[in-house]
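Residue-level listing of the chains:
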Amino acid sequence: MTVGGPTCRAGEAALVAVDWGTTSCRAYAMSASGEVLAEVDRPAGVGSVTGSAAERHAEFERVLASILDSLGVAAGSVPTVLGGMIGSSAGWLEVPTREVPCRLDGGRDLVEHRTGRGHTVYLVRGLHQGGDVPGLIRGEEAQLMAVADERDRIVILPGSHSKWVLLTGNRVESFATFMTGEVLAAVSEHTILRAFAARPDRAGGSFSTAAFARGLELAESSRGGLLADLFAARTLPLAGSVAPAETYPLLCGIVIGHELSGGLEIHRRYCGRPITIVARAEILEEYRIAFAAKGIAVEAAPPEAAALGMWRIARSHGLVDGRHP
Ligand SMILES: O=C(O)C(=O)C[C@@H](O)[C@H](O)CO
């Protein structure tokens, strides 16, 4: 796939795929053969939209219209597929989920919805897992569509709610969720730890891998669990043994280290399977370092997995070959 600029040429797009999660909204204009022609990234996750149901629906309509405009696609001119938390009770329309174990074949994965402005959009159905404590996936199922092949493996999808998914070929056997991203954001912005652990500017290259590795070590040798280890992000900078600018990476190491310990424990029977990480470059690098510290090599998923997965789902519904109403 090739990635173009923010806008595509009129008539070029065959599909718009929107990965609309809790914290962000990434939209892709795609060709009939699955190339990304243009993309936009907005901090307009469903978590940032508040108000009554009617107000939120109006806001989702407005954001979608503005995204289509930025992509250079006329509303309603090509099928628009929306995946992620937009299809949850916190989003635009709660669509029913499919139960795991299930195959990732793209069939029966879309729910059609007529917007207030009279356009048809297609919401991707997530997955659920039964049991005493149920599991939910919304958005990651599309990324899984992009990575699944005949190999059995564990797929890790870091994010607000990191998913560890056990795949047998293209069948989802089970999964676990870790609230890594949300916990990291919450403790670094809303607790006493924020004094030192303000999120640094990644683009400025200020992420200390040494401090990250120290956080991983704390998690690895943990005696009191995550709640006890988090307090190190207060005392180590106070004691001067970690610079304030290193506190956020230290915290990342602690939280991701605990995610790895938990995930490897839950999937311990399958730990010989290849592990694939679906993440943007800088997050992928953190997980690579964290796994390397445990002597485990990981593979990277293709970039733009969400777009590719939604394109595959749309194709299996006949939406990219002219059957759009
Ligand atoms: O459907 C819900 O309510 C979820 O919370 C699912 C969520 O964990 C996504 O899979 C990733 O954010």
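Residues numbered from 1 in each chain as written. Predicted model: local features only at pLDDT ≥ 70, side-chain atom pairs only at ≥ 80, totals over all residues. Heavy atoms only, no water.

Per an unreviewed UniProt entry, the recorded name for the protein is 2-dehydro-3-deoxygalactonokinase, and the organism is Tsukamurella soli.

**Student:** Describe the overall build of the protein, naming the residues involved and giving the relevant values.
**Tutor:** When its secondary structure is counted, the protein shows 9 helices and 15 strands. Over its C-alpha atoms the protein spans a radius of gyration of 20 Å, differing by no more than 12% from the 20 Å that the globule rule assigns to 325 residues. In terms of overall dimensions, the protein has a C-alpha envelope of 65 × 40 × 40 Å along the principal axes. Within the protein, the proportion of its 325 residues that are buried is 50%. In the protein, once contacts between residues fewer than 6 apart in sequence are set aside, the share between residues at least 24 apart is 66%. Carbon together with sulfur atoms contributes 53% to the accessible area of the protein, which is approximately 14,400 Å² in total. (Helix = DSSP H or I, 4+ residues; strand = E, 2+ residues; numbered from the N terminus. Rg over C-alpha atoms; globule rule 2.2 N^0.38 Å. Buried < 20%, exposed > 50% of the residue type's maximum accessible area, 1.4 Å probe, protein only. Contact = heavy atoms within 4.5 Å. Areas by Shrake-Rupley, 256 points an atom, 1.4 Å probe, with all protein chains shown as cover.)

**Student:** Describe the nonpolar core, and please don't skip the residues or the numbers.
**Tutor:** Ranked by size, the top nonpolar core spans 38 residues in total, and within it Met-30, Val-81, Leu-144, Val-165, Leu-167 and Val-172 carry the most contacts. Mapped onto this core, the elements with two or more residues apiece are strand E1 (15–20), strand E2 (25–30), strand E8 (120–124), helix H2 (140–147), strand E11 (153–157), strand E12 (162–168), strand E13 (171–178) and helix H9 (305–316). A total of 8 residues in this core trace back to one element, the largest contributor, which is H9. When sequence neighbours within four positions are dropped, the list of residues in contact with Leu-144 reads Leu-104, Val-155, Leu-157, Val-165, Leu-167 and Val-172. (Core = buried A, V, L, I, M, F, W, Y, C linked by side-chain atoms within 4.5 Å.)

**Student:** Can you break down the environment of Glu-304 residue by residue, with the values?
**Tutor:** Note that Glu-304 resides in the loop between strand E15 (299–300) and H9. With 24 residues separating them in the primary sequence, Glu-304 and Arg-280 have C-alpha atoms 8.7 Å apart.

**Student:** Tell me about the sheet that holds strand E9 (residues 127–129), residues and numbers included.
**Tutor:** On the basis of which strands lie adjacent, the open sheet formed by 3 strands has the order E5-E9-E10 and mixed pairing. Either end of the sheet is taken by a strand with one partner, and the two such strands are strand E5 (98–99) and strand E10 (135–137). (Pairing = 2+ DSSP bridges.)

**Student:** Describe the layout of surface pockets, and please don't skip the residues or the numbers.
**Tutor:** In this structure, the second largest pocket encloses a volume near 150 Å³. Around the second largest pocket, the lining comprises 16 residues; the ones closest to its centre are Leu-64, Ala-65, Leu-68, Ala-75 and His-119. Counting residues per element, the ones that place at least two in the lining of the second largest pocket are helix H1 (53–71) and E8. Looking at the lining of the second largest pocket element by element, the count peaks at 5 residues for H1. Partitioning the lining of the second largest pocket into residue classes produces 8 nonpolar, 5 polar and 3 charged. (1 Å grid on protein atoms, 1.4 Å probe; cavity = no way out; pocket = protein on both sides within 12 Å on 5 of 7 lines; lining within 4 Å. Points joined across faces, edges and corners; volume = space filled by probe spheres on them. Nonpolar A, V, L, I, M, F, W, Y, C, P; charged D, E, K, R; others polar.)

**Student:** Got a sec to walk through the packing of helix H4 (residues 209–220) against helix H7 (residues 247–266)? Specific residues and values, please.
**Tutor:** Interaxial distance between H4 and H7 falls to 6 Å at its minimum, and their mutual angle equals 35 degrees. Seen along the crossing, H4 lies across H7 with a hand that is right-handed. Residues Ala-211, Phe-212, Arg-214, Gly-215, Leu-216, Leu-218 and Ala-219 of H4 form the contact with H7, whose own contacting residues are Pro-249, Leu-250, Cys-252, Gly-253, Ile-254, Ile-256, Gly-257 and His-258. Grouping the amino acids of the contact of H4 with H7 by side-chain chemistry returns 10 nonpolar, 4 polar and 1 charged. (Axes fitted to C-alpha atoms, helices over the stretch in contact; angles between N-to-C directions. Left-handed = near helix turned anticlockwise from the far one by under 90°.)

**Student:** Tell me about the pattern of salt bridges, and name the residues and values.
**Tutor:** Proximity of charged atoms lets side chains of opposite charge pair with each other. Within the structure shown, the criterion is met by 12 salt bridges. The closest approach of N and O atoms between Asp-109 and Arg-98, which form a salt bridge, is 3.0 Å. Taken together, the positions of Asp-109 in the loop between strand E6 (102–103) and strand E7 (110–114) and Arg-98 in strand E5 put the pair 11 residues apart, joining distant regions of the chain. For the pair Asp-109 and Arg-98, one class covers both residues: buried. (Salt bridge = Lys/Arg side-chain N within 4 Å of Asp/Glu carboxyl O.)

**Student:** Describe the site of the ligand, listing the residues and the values that go with them.
**Tutor:** The immediate surroundings of the ligand are formed by Thr-22, Met-85, Ser-88, Leu-136, Ile-137, Arg-138, Glu-140, His-161 and Lys-163. Contact between the ligand and Glu-140: an oxygen atom at 2.8 Å from a side-chain N or O atom of the residue. The side chain of His-161 places a nitrogen or oxygen atom 2.7 Å from an oxygen atom of the ligand. Class assignment of the residues belonging to the shell around the ligand gives a composition of 3 nonpolar, 3 polar and 3 charged. (Near = heavy atom within 4 Å. Polar contact = N/O pair within 3.5 Å; in protein donor to acceptor, adjacent residues only side chain to side chain.)

**Student:** Lay out the packing of aromatic side chains with the relevant residues and their values.
**Tutor:** Applying the stated criterion to the full structure yields 6 aromatic pairs. Centroid distance Trp-20 to Trp-92: 6.5 Å. Interplanar angle 75 degrees. Geometry classified as edge-to-face. Of this pair, Trp-20 sits in strand E1 while Trp-92 sits in the loop between strand E4 (80–83) and E5, placing them 72 residues apart in sequence. As far as the burial class goes, Trp-20 and Trp-92 line up, both buried. (Phe/Tyr/Trp six-rings, centres within 6.5 Å; stacked < 30°, edge-to-face > 60°.)

**Student:** Describe the side chain of Gln-129, listing the residues and the values that go with them.
**Tutor:** Positionally, Gln-129 belongs in strand E9. A polar contact is formed between the side chain of Gln-129 and the backbone nitrogen of Phe-175, at a distance of 2.8 Å. Not counting chain neighbours up to four residues away, the residues in contact with Gln-129 comprise Val-100, Pro-134, Gly-135, Ser-174 and Phe-175.

**Student:** For H2, give the residues involved together with the corresponding values.
**Tutor:** With 8 of 8 residues buried, H2 lies mostly within the body of the structure. Along H2, the positions that sit buried rather than exposed are Glu-140, Glu-141, Ala-142, Gln-143, Leu-144, Met-145, Ala-146 and Val-147.

**Student:** Any chance you could break down unusual backbone geometry for me, citing the residues and the numbers?
**Tutor:** In this model, Val-100 is joined to Pro-101 through a cis peptide bond whose omega is 0 degrees. Even without being a glycine, Glu-304 presents a positive backbone phi close to 60 degrees.

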